[in-house]
Amino acid sequence: MMTNPPFPKSYLPKTKPHLFCPGCGHPLVLKTLGKLIDAGKFQKKAVIGFDIGCSLLAWDFFQVKSFQTHHGRTVPTMVGYKLAKPESLSIAYQGDGGGYAIGLQSLIHSAFRNDPITVIVVNNSLYAMTGGQMAPTTLCGQITDSTPEGRSCPIERPFMGPEMLRCVGDKKAYIARTSVDNHIEMEKYLRRAIENQLDNNSFSFLEVLSICPLNWRTNAKESLARLEEMKSVFRCGEL
Amino acid sequence: MKFIDFLLKTKSNIKTANLNILIAGEGGQGAQTIGEILARAAAMGELRSSYMPHFGVEQRGGVSLAFVRINSEKIDYPKFKTADIIVLMTKRAIPRLGQYVGEKTKIINLIGKDYRPFNMVVMGILTNAIQKLGLNLSSESVETAIDQNLGKKKGLGENLAGFKKGLSEEVIAFGKNLPGFSSRPEGKWKILIDKFTSKEKKKITFIRFPELCKGCGLCIECCPNKALIWGNDGKGVYGNLMPKVNPEKCNGCKLCEETCPDCAIKVEVK
């Protein structure tokens, strides 16, 4: 009897087990994306660009055209791809470092221009692949590799990506935030983001609050508790 | 080489020490720590040493190689073509090692050994092996290097105990050949099956895939009926424990299947 794991059809089985750490939030986002690609039959249409950082570990995750881009340049690369192939489903997949630090300029202007691409930023509040340093979204007081005594508290709040893009972006853009512990909401918002690109030829952005048990040094229970804490600062919902 | 050195070398009958050691592990096993401590300890006496890491970007898993050279002469380059000793700590490193195996390479195969703390016991085994090969590496200098490496971190006692255990461990017979490595044949996944009838009279087949489970524990946290607990009926991807279902509490809701980041659980309900 040959039993297969419950992979979405768009997964590439020979690269499983994947390279993400135990308990990482990335594969949860990717699983949702995979299910949506299956449901919409987008396997041939979709193309995914991955940024440098832990997101790059997904470059051979799917049986979907995927490639890696320069750090922080995932968004303009996917805009270029969409310009060349307007019928594609062009997705930029980044972490909070690639999206809000090194790639911020491109992200702002893409929302401003209402480029018809879908951007997913997976936010775990630190730079994971390089060892867990502070990122724009690190919470006030949070201990990271480069803030061993907690992030300085004169700052009023950490970086709020979707809120900023809502101010700057075109009103036709779809902007939302969700989290990996709410798979129903994550699937709903990601589906709407994809639809905004395909049906309305407009920009869509989804920030996904995620967990990083390795760099947070938390077990499953503590990781989920930390995620709840993040949700009280970064509000989930559609903007 | 200076003329005087050349003269001394030709007249000397002291055996020159020269050992190329390759420690092959994966992210999280502490292979680099072994390499660094070994190089520091070797250089405390009259020998010279070098240590060079080589690893990928994965934070866990992947391949992590540590190149250590110990020599009585000046070391020209931190890597080498052929290893004298290969310390093999994970299956995943095997495809990377072929190029370093020579006629006289000795392979210490530690795959599947369950020592704790793993890398310190391996440190002991490796030190013992190097000493048996006639090199002047003292156990005391290794212990000093372990202490220095830990610095202010706790656990010195536990680490030294592990090192001592490794020193006295029967030296794993030196192998000459790398063990075989084959990735899983297409489509055949190893499975662990539990079949039971739930309290609500549903027929449930609970399948786990040990080749996917990384032991993160998210399923245990997310089960609304607290029907999953840590089991000890098998090892996952990193030699970790895997969760196991309690048939009296499971109602086939499939939230564990949904939650698993590795798709390592499949629940069939009739």
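About the cut-offs
Residues numbered from 1 in each chain as written. Chains lettered and ligands numbered in written order. Predicted model: local features only at pLDDT ≥ 70, side-chain atom pairs only at ≥ 80, totals over all residues. Heavy atoms only, no water. Helix = DSSP H or I, 4+ residues; strand = E, 2+ residues; numbered from the N terminus. Rg over C-alpha atoms; globule rule 2.2 N^0.38 Å. Buried < 20%, exposed > 50% of the residue type's maximum accessible area, 1.4 Å probe, protein only. Areas by Shrake-Rupley, 256 points an atom, 1.4 Å probe, with all protein chains shown as cover. Lys, Arg positive; Asp, Glu negative; His and termini not counted. Charge placed at Lys NZ, Arg CZ, Asp CG, Glu CD. pLDDT = per-residue confidence, 0-100. Contact = heavy atoms within 4.5 Å. Core = buried A, V, L, I, M, F, W, Y, C linked by side-chain atoms within 4.5 Å. Axes fitted to C-alpha atoms, helices over the stretch in contact; angles between N-to-C directions. Parallel < 35°, antiparallel > 145°, perpendicular 65-115°, else oblique. Left-handed = near helix turned anticlockwise from the far one by under 90°. Pairing = 2+ DSSP bridges. Phe/Tyr/Trp six-rings, centres within 6.5 Å; stacked < 30°, edge-to-face > 60°. Lys NZ or Arg CZ within 6 Å of the ring centre and 35° of its normal. Expected span 1.5 Å × (residues − 1). Arc of directions from axis to C-beta. Right-handed = clockwise from strand over helix to strand, strands pointing away.

Overview of the overall build of chain A
Across its full length, chain A carries eight helices and nine strands. Compactness check: chain A gives a C-alpha radius of gyration of 17 Å against a globular reference of 18 Å for 239 residues, within 12% of the reference. Projected onto the principal axes, the alpha-carbon positions of chain A cover approximately 50 × 50 × 30 Å. Counting across all 239 residues of chain A, residues that qualify as buried make up 60%. Carbon and sulfur atoms make up 55% of the accessible area of chain A, which totals about 9,900 Å². Averaging the positions of the 27 positive and the 21 negative side-chain charges in chain A gives two centres separated by 6 Å.

Some points on the confidence of the model for chain B
Residues and elements named next belong to chain B. Looking at chain B, pLDDT values average 89 and 91% of them are 70 or higher. Predicted confidence for residues 10-14 stays below pLDDT 50, and this span has zero contacts to residues more than four positions away or in other chains. With pTM at 0.85, the complex prediction returns an ipTM value of 0.94.

Some remarks on the nonpolar core
The biggest cluster of nonpolar side chains holds 61 residues, and the ones touching the most others in it are Val29(A), Leu30(A), Leu33(A), Ile48(A), Phe62(A), Tyr93(A) and Ile120(A). Among the elements of the structure, helix H1 (26-40), strand S1 (46-50), strand S3 (89-95), strand S4 (118-123), strand S7 (174-179), helix H6 (183-198), strand S8 (204-209) and helix H8 (220-233) of chain A are those that each provide at least two residues to this core. It is H1(A) that provides the largest number of residues to this core, a total of six residues. Aside from chain neighbours lying at most four places away, what touches Ile120(A) is Val29(A), Leu33(A), Ile91(A), Ala92(A), Tyr93(A), Gln94(A), Leu190(A), Leu206(A) and Val208(A). With 37 residues, the next largest nonpolar core counts Ala31(B), Val87(B), Phe118(B) and Ala129(B) among its residues.

Let's talk about the packing of helix H4 (residues 104-113) of chain A against helix H5 (residues 161-168) of chain A
Residues and elements named next belong to chain A. Direction vectors running N to C along H4 and H5 enclose 45°, while the axes themselves pass 8 Å from each other. The orientation of H4 relative to H5 falls into the category oblique. Every pair of crossing elements has a handedness; the one defined by H4 and H5 is right-handed. On H5, the residues that touch Leu 104, Leu 107, Ile 108, Ala 111 and Phe 112 of H4 are Met 164, Leu 165 and Val 168.

Digging into the sheet that holds strand S6 (residues 192-197) of chain B
Residue and element names in this part refer to chain B. The strand order across the open sheet formed by three strands is S6-S7-S10, and the pairing between neighbours is antiparallel. Each having just a single partner strand, S6 and strand S10 (265-269) make up the two edges of the open sheet. With direction set aside, neighbouring strand axes in the sheet form an average angle of 15°. Of the strand pairs in this sheet, S6 and strand S7 (residues 203-208) are connected by six bridges, and their pairing is antiparallel. Residue Leu 192 lies in a different strand from S7, and its bridge partner there is Arg 208.

What about the packing of aromatic side chains?
How two aromatic rings sit relative to each other is given by the distance of their centres and the angle of their planes. As enumerated under the stated definition, the model contains 15 aromatic pairs over all chains in all. Centre to centre, the rings of Tyr100(A) and Phe159(A) are 5.1 Å apart; their planes meet at 45°, and the pair counts as tilted. Of this pair, Tyr100(A) sits in helix H3 (residues 96-102) while Phe159(A) sits in the loop between strand S6 (133-134) and H5, and the two are 59 residues apart along the sequence. Joined through ring pairs, the aromatic side chains of Phe7(A), Tyr11(A), Phe20(A), Phe61(A), Phe62(A), Trp189(B) and Phe209(B) make up one cluster. The ring of Phe61(A) carries the charged tip of Lys16(A) above its face, separated from the ring centre by 4.0 Å. Positioned above the aromatic ring of Trp216(A) is the side chain of Arg226(A), whose terminal nitrogen or guanidinium carbon lies 4.6 Å from the ring centre.

Points about H8(A)
Between its first and last C-alpha, H8(A) extends 21 Å over 14 residues, near the 20 Å set by a 1.5 Å rise per residue. Restricting attention to buried positions, one finds in H8(A) the residues Ala220(A), Ser223(A), Leu224(A), Arg226(A), Leu227(A) and Met230(A). Taken down its axis, H8(A) places every buried residue within 155° of arc, on the same side. Where H8(A) is buried, its residues contact S4, S8 and helix H7 (213-216) of chain A together with helix H7 (218-222) of chain B.

Section: the pairing of S7(A)
Residue and element names in this part refer to chain A. By the criterion of burial, S7 is predominantly enclosed, with six of the six residues buried. Alternating positions in S7 separate into two faces, Tyr 174, Ala 176 and Thr 178 on one and Ile 175, Arg 177 and Ser 179 on the other, with burial throughout. Note: S7 against S8, six bridges, orientation parallel. Its bridge partner lying in S8, Arg 177 is registered against Glu 207. In this fold, S7 hands off to H6, which returns the chain to S8; that crossover is right-handed.

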